[in-house]
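These are the residues of each chain, in order.
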Amino acid sequence: MKVVLLSHSDTRGGAAIVTRRLMDALRAEGVDARMVVFAKTSDSDNVSLASTAMRRRVAFLAERADIFAHNGFNRADLFKVSTARTGVPVDRHPWVREADIVVLSWINQGLLSLDGIARIAALGKPVVWTMHDMWCMTGICHHALDCTAYERECGRCPFLGSRRPNDLSHKTWRLKRRLYDEAPITFVAVSRWLADLARRSSLLANRPIEVIPNAFPVDRYITRPTTSPADLGLPADRDIILFGAARLDDPIKGLDIAVDALNHLHDDYPAVAAKATAVFFGDIRNPELFSRLRLDYRRLGPVYDPERLHQLYASAKVVLSTSLRETLPTTLIEGQAAGCFPVTFGEGGQRDIVTGPANGYIARYMDARDVAAGIAHGLTAIVDRDALHADVERRFGRHAVATRYIFLFNNLLSNK
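On a predicted model such as this, the values are computed, not experimentally measured, just so you know.

## Structural notes on the pairing of strand β11 (residues 316-320)
Here comes step 1: Most of β11 sits out of view: 4 of its 5 residues are buried.
Here comes step 2: Across 3 bridges, strand β8 (residues 239-247) lies against β11 in parallel orientation. Opposite I240, over in β11, you have A316 as the bridge partner.
Here comes step 3: Handedness of the crossover joining β11 and strand β12 (residues 341-344) through helix α11 (residues 330-337) is recorded here as right-handed.

Here is the structure:
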């Protein structure tokens, strides 16, 4: 079986990383899986650029310029939406032509236009679209936040500052509806939460939707560190609470709530807090957000080395995520794979990860004091780190996820 996965990148961004992991997982099961990308940064022979540098640059700039003109030249929201009005001719790529199955991943910002997707579907191959955010079910936005217009027909888009019902978001919604009516696409949501949103949407309510999580290299995670705390930048003999993100102060990550929760831990659980240190990894634009944090903490900056990241997780007792909404939070799964106790909210894919009191704590939404209670519980509970690792392997391991995709592919090919 030949499978080609289409992704904006092979290494940059969460969707790119998990798509690359899926390719590797499929290859480990004997599938001839390859990636075609807009931006290639690895040296893998199984990854190929979609088109020439000039074509890719023109497609990217044309889409951004169009959005910029429609949103009142608002830079702040420029990359919160995509239109897929422009793209490169991916359907001409030989790997796409040779494939038995085409898997669309995060294909925005110049890789594929909606017309390009229609041309791929016209090749007569089954098309699977893995949804990493809400873009497939909205007019143009990647995360609708509190807007529910996608349940109808979009329009008056807040990301455009628009009051017009027939704005760019509604026009794109109509183009997507036509594409979905004409092209037989099977959608895959990476969490039940995302699938529920899709089934409420006007675009995907009556479309085939599967739920298959992202694949994780769980076998590479260790449950006990083999590196000294000093070499990791950690204090010795402390209970570590780990909080990580690509950008810590991205508003969706809820860093303010995490700081409030850690302050409640400091004030309400002094005996527990006296032995605890919060460790943050990731980029940040406004480090002053930590100025009011009373609990002992360390800020490590971005961590790019996978081995160091594995050691950090293995050194921590609690992995904390206060994300307001997230499709399938990577840090929680990585933390569980290393035996960390997750503490988080439940407004997203978190409930696919934390399924009961034995493998995590779901705090009341936006309730920092309840988050603190969860952290205190995780720091004092007797946690079977190896059992958490085994549970994650069973649900999110590469073999488990690849097997589910292969089952789907075989069904689609048999029904072709």
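## So, the sheet that holds strand β7 (residues 209-211)
Here comes step 1: The 7 strands lie next to each other as β3-β2-β1-β4-β5-β6-β7, forming an open sheet whose pairing is parallel. Two strands lie at the open edges of the sheet, namely β3 (47-49) and β7, each paired on one side alone. The sheet shows a mean angle of 25° between the axes of neighbouring strands, direction not considered.
Here comes step 2: Here strand β5 (residues 127-131) pairs with strand β6 (residues 185-189) via 5 bridges, running parallel. Bridging from a neighbouring strand, W129 pairs with F187 of β6.
Here comes step 3: The sheet contacts of helix α1 (residues 14-28) involve β1 (2-9), β2 (32-39) and β3, and relative to β2 the element is tilted by about 160°.
Here comes step 4: Along the sheet face, helix α4 (residues 114-121) touches β1, β4 (101-104), β5 and β6 and points at about 140° away from the line of β5.

## Some remarks on the pattern of salt bridges
Here comes step 1: If you walk through the whole model with that rule in mind, you get 28 salt bridges.
Here comes step 2: Two residues, R20 and D24, come together in a salt bridge whose shortest N-O distance is 4.0 Å. Separated by 4 residues within a single helix, R20 and D24 lie in helix α1, roughly one turn from each other.
Here comes step 3: For the salt bridge of D146 with R325, the shortest nitrogen-to-oxygen distance reads 2.5 Å.

## Concerning the layout of surface pockets
Here comes step 1: Computed from the structure, the second largest pocket encloses a volume of approximately 250 Å³.
Here comes step 2: Taken together, 23 residues line the second largest pocket, and the ones lying closest to its centre are A314, S315, A316, K317 and R385.
Here comes step 3: When residues of the lining of the second largest pocket are traced back to their parent elements, those giving at least two are α7 (229-232), β8, α10 (306-315) and β11.
Here comes step 4: Looking at the lining of the second largest pocket residue by residue, the class counts come to 12 nonpolar, 6 polar and 5 charged.

## Considerations on the side chain of E63
Here comes step 1: Of note, E63 is situated in helix α2 (residues 53-70).
Here comes step 2: Among the residues examined, E63 registers a relative accessible area of 1% and is labelled buried.

## Examining the sheet that holds strand β13 (residues 361-362)
Here comes step 1: The strand order β10-β9-β8-β11-β12-β13 describes an open sheet built from 6 strands, whose pairing is parallel. Two strands close off the open sheet at either side, each with one partner strand: β10 (297-301) and β13.
Here comes step 2: Here α11 sits on the sheet and contacts β8, β9 (276-283), β11 and β12; the angle it forms with β12, its principal contact strand, is near 160°.

## Structural notes on the pairing of β9
Here comes step 1: With 7 of 8 residues buried, β9 lies mostly within the body of the structure.
Here comes step 2: The pairing of β8 with β9 spans 7 bridges and is parallel. Pairing of R247 across the sheet is with D283, part of β9.
Here comes step 3: Direction of pairing for β9 relative to β10: parallel, over a ladder of 4 bridges.

## Considering empty space enclosed by the protein
Here comes step 1: Per the stated rule, a full pass over the model turns up 3 cavities of 30 Å³ or more.
Here comes step 2: Taken as a whole, the largest cavity spans an internal volume of roughly 100 Å³.

## Notes on the environment of D24
Here comes step 1: By relative accessible area, D24 is classed as partly exposed at 33%.
Here comes step 2: Between the alpha carbons of D24 and A122 there is a distance of 27 Å; along the sequence they are 98 residues apart.

## Some thoughts on the packing of aromatic side chains
Here comes step 1: Tallied over the full model, the rule gives 15 aromatic pairs.
Here comes step 2: With a centroid separation of 5.2 Å and an interplanar angle of 75°, the aromatic rings of Y180 and F187 are classed as edge-to-face.
Here comes step 3: Exposure remark for Y180: the relative accessible area of 4% places this residue in the buried category.
Here comes step 4: Owing to a relative accessible area of 1%, F187 belongs among the buried residues under this scheme.
Here comes step 5: Where F281 meets Y313, the ring centres are 6.2 Å apart and the plane angle is 90°; that geometry is what we call edge-to-face.

Here is what the cut-offs are and how they apply
Residues numbered from 1 in each chain as written. Predicted model: local features only at pLDDT ≥ 70, side-chain atom pairs only at ≥ 80, totals over all residues. Heavy atoms only, no water. Buried < 20%, exposed > 50% of the residue type's maximum accessible area, 1.4 Å probe, protein only. Helix = DSSP H or I, 4+ residues; strand = E, 2+ residues; numbered from the N terminus. Pairing = 2+ DSSP bridges. Right-handed = clockwise from strand over helix to strand, strands pointing away. Axes fitted to C-alpha atoms, helices over the stretch in contact; angles between N-to-C directions. Contact = heavy atoms within 4.5 Å. Salt bridge = Lys/Arg side-chain N within 4 Å of Asp/Glu carboxyl O. 1 Å grid on protein atoms, 1.4 Å probe; cavity = no way out; pocket = protein on both sides within 12 Å on 5 of 7 lines; lining within 4 Å. Points joined across faces, edges and corners; volume = space filled by probe spheres on them. Nonpolar A, V, L, I, M, F, W, Y, C, P; charged D, E, K, R; others polar. Phe/Tyr/Trp six-rings, centres within 6.5 Å; stacked < 30°, edge-to-face > 60°.

Everything listed here is a matter of coordinates, which is why it stays silent on function.
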